[in-house]
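# Chain and residue survey
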Amino acid sequence: MNQNFLKYQAQTSPYPLGMEVSHAEGSYIYDTKNNKYLDLVAGVSACSLGHRNQRVNDAIKDQLDKYSHVMVYGEYSQSPAVEYCKLLASLLPQPLETTYLVNSGTEATEGALKLARRVTGRSALVSCYDAYHGNTMGSMSVMGFEERKRAFRPLIPDVSFIRFNNVEDLQKITTQTAGVILESIQGGAGFIEPANGYLKKVRERCNETGTLMIIDEIQPGFGRTGKLFGFENYDVVPDIVILGKGMGGGMPVGAFTASSEMMSLLSENPKLGHITTFGGHPVIAAACLATLREITETSMMEQTLVKEALFRQLLVHPLIEEIRGRGLMLAAMTPSAEITNQVILQCQDKGVILFWLLFEGRAVRITPPLTISEEEIREGCAIILKVLDEIEAAQ
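The present account deals with the structure reproduced in this document. (Residues numbered from 1 in each chain as written. Predicted model: local features only at pLDDT ≥ 70, side-chain atom pairs only at ≥ 80, totals over all residues. Heavy atoms only, no water.)

A tally of regular secondary structure across the protein chain gives 13 helices and 14 strands. The C-alpha radius of gyration computed for the protein chain amounts to 21 Å, which stays within 12% of the reference 21 Å derived for 395 residues, consistent with globular compactness. Taken over the C-alpha atoms alone, the protein chain extends approximately 65 × 55 × 45 Å along its principal axes. In the protein chain, the share of contacts with a sequence separation of at least 24, taken over all contacts with a separation of at least 6, comes to 72%. Of the charged side chains in the protein chain, 36 are positive and 45 negative; the average position of the first set lies 3 Å away from that of the second. (Helix = DSSP H or I, 4+ residues; strand = E, 2+ residues; numbered from the N terminus. Rg over C-alpha atoms; globule rule 2.2 N^0.38 Å. Contact = heavy atoms within 4.5 Å. Lys, Arg positive; Asp, Glu negative; His and termini not counted. Charge placed at Lys NZ, Arg CZ, Asp CG, Glu CD.)

Written out as structure tokens, the structure is:
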């Protein structure tokens, strides 16, 4: 492993995987020894069109030849950002029509929480146990996993938690609640889908109490579940939607979208209610626009469900207890965290990149680029099954 990487670049854990990357293309990443790895993680759901997508690269290069950053967000009209927000509005249900572009998913969460408080004049927020919405202070405050946030307390006050898919807990949403924030599919918890009309029941409770419903689409969004956004699978429309990850085709970006009436409140009383220097960066916005066009102008979204079915058909093994999730947001559940660790590490040794989920140690993340081919799925699954056979034989 590159010792300069360990010495000079801050680490997130004591044991980084440490692959030294040379280049990447399509569904593959190559290391500096020219080993080839099938990428079934896609930068943790971010590289929705795979690596070095031609349409995205061309859009980036074209914009670089015109201008890059010219002014703090919101002062100048810059066509890549304007065109992107316009296209996004045409694809979202009403009244979700006005988008604030930021730099990451966690910043989008921060903006959404501020907007909920600004619109309602209330302070209380409700989130879910085992939820993950980012890692800055506000986002961490609505993270439902105490072990990861205990060391950073005190966090923002007036946050309470409910159990995902538990209808009785919805009574904790009251007329004092500014917003309830949920993932359309819980990510870090193990790719848990809403069941029995749960999101519709949350919507109804929000309507009853005047609470804003905030849906986090940072991971399920942009075609990964077979719809452009995960909430579309469950027949609800949120008041605020949070975007990120696959939005930029591998470029760093986030956004939150609401009605124009709500969003206008961030521009007065006080002015600059939310502000960012680099949000809406023209080069990033050009990448987002190319990504969104590619996803919506092809059969890519529909194909995610076909590819999901193939993964489920192939990944049958005694050490896979179930496969959770939808589309190309899948988690193969093994009997233990120890087995999951072995699967991920041994698959990388054999040329397949898998990864963990944040809070569910038994889950093997399978979130490949939406562009992955059937042949590549078969290649990856064959290696996963071979590793599982070897682990089972060694028990």
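What follows deals with empty space enclosed by the protein. Under the defined criterion, the tally for this structure stands at one cavity of 30 Å³ or more. Lining the largest cavity are Leu315, Ile320, Ala332, Thr334, Val343, Val364, Ile366, Ile384 and Leu388. Looking at the lining of the largest cavity, the elements that each hand over two or more residues are strand S14 (363-366) and helix H13 (374-394). Here the lining of the largest cavity is composed, by residue class, of eight nonpolar, one polar and no charged. (1 Å grid on protein atoms, 1.4 Å probe; cavity = no way out; pocket = protein on both sides within 12 Å on 5 of 7 lines; lining within 4 Å. Points joined across faces, edges and corners; volume = space filled by probe spheres on them. Nonpolar A, V, L, I, M, F, W, Y, C, P; charged D, E, K, R; others polar.)

Note that strand S1 (residues 21-25) and strand S2 (residues 28-31) share four bridges and pair antiparallel. Following the sheet pairing, Val21 is matched in S2 by Asp31. In this structure, the hairpin formed by S1 and S2 is closed by a connection of two residues, where Gly26 is found at a positive phi of approximately 60 degrees. (Pairing = 2+ DSSP bridges.)

Turning next to the sheet that holds strand S12 (residues 329-333). Strand order in the open sheet formed by three strands is S11-S12-S14, and the pairing between neighbours is antiparallel. In this open sheet, the two edge strands, each paired with only one partner strand, are strand S11 (322-326) and S14. Each neighbouring strand pair of the sheet contributes to a mean axis angle of 20 degrees, computed without reference to strand direction. Of the pairings in the sheet, the one linking S12 to S14 comprises four bridges and is antiparallel in character. Within S14, the residue paired with Leu330 across the bridge is Ile366. (Axes fitted to C-alpha atoms, helices over the stretch in contact; angles between N-to-C directions.)

Moving on, we come to the pattern of salt bridges. As enumerated under the stated definition, the model contains 17 salt bridges in all. For Asp239, the salt bridge identified is with Arg203, shortest N-O distance 2.8 Å. Residue Asp239 is located in the loop between strand S8 (212-216) and strand S9 (240-243), and its partner Arg203 is located in helix H8 (residues 198-209); the two are separated by 36 residues in the primary sequence. The class for Arg203 is buried, based on a relative accessible area of 14%. (Salt bridge = Lys/Arg side-chain N within 4 Å of Asp/Glu carboxyl O. Buried < 20%, exposed > 50% of the residue type's maximum accessible area, 1.4 Å probe, protein only.)

What follows is about the side chain of Asn166. Mapped onto the secondary structure, Asn166 falls in the loop between strand S6 (159-162) and strand S7 (177-183). Look at Asn166 and you get buried, because its relative accessible area is 18%. Reaching out from Asn166, the side chain makes a polar contact with the backbone nitrogen of Asp169 at a distance of 3.0 Å. (Polar contact = N/O pair within 3.5 Å; in protein donor to acceptor, adjacent residues only side chain to side chain.)

The four strands are arranged S1-S2-S3-S13 in an open sheet whose pairing can be described as mixed. Looking at strand neighbours, the two that pair on one side only are S1 and strand S13 (352-353), the edges of this open sheet. Along the sheet face, H13 touches S2, strand S3 (36-39) and S13 and points at about 105 degrees away from the line of S3.

Before going further, it helps to spend a moment on the layout of surface pockets. Of the pockets and cavities examined, the second largest pocket occupies roughly 680 Å³. Lining of the second largest pocket is provided by 31 residues; of these, Tyr73, Gly74, Glu75, Thr99 and Tyr100 occupy positions nearest its centre. Taken together, the residues of the lining of the second largest pocket break down into 15 nonpolar, 13 polar and three charged.

Interpretation in functional terms is not warranted from these geometric data alone.
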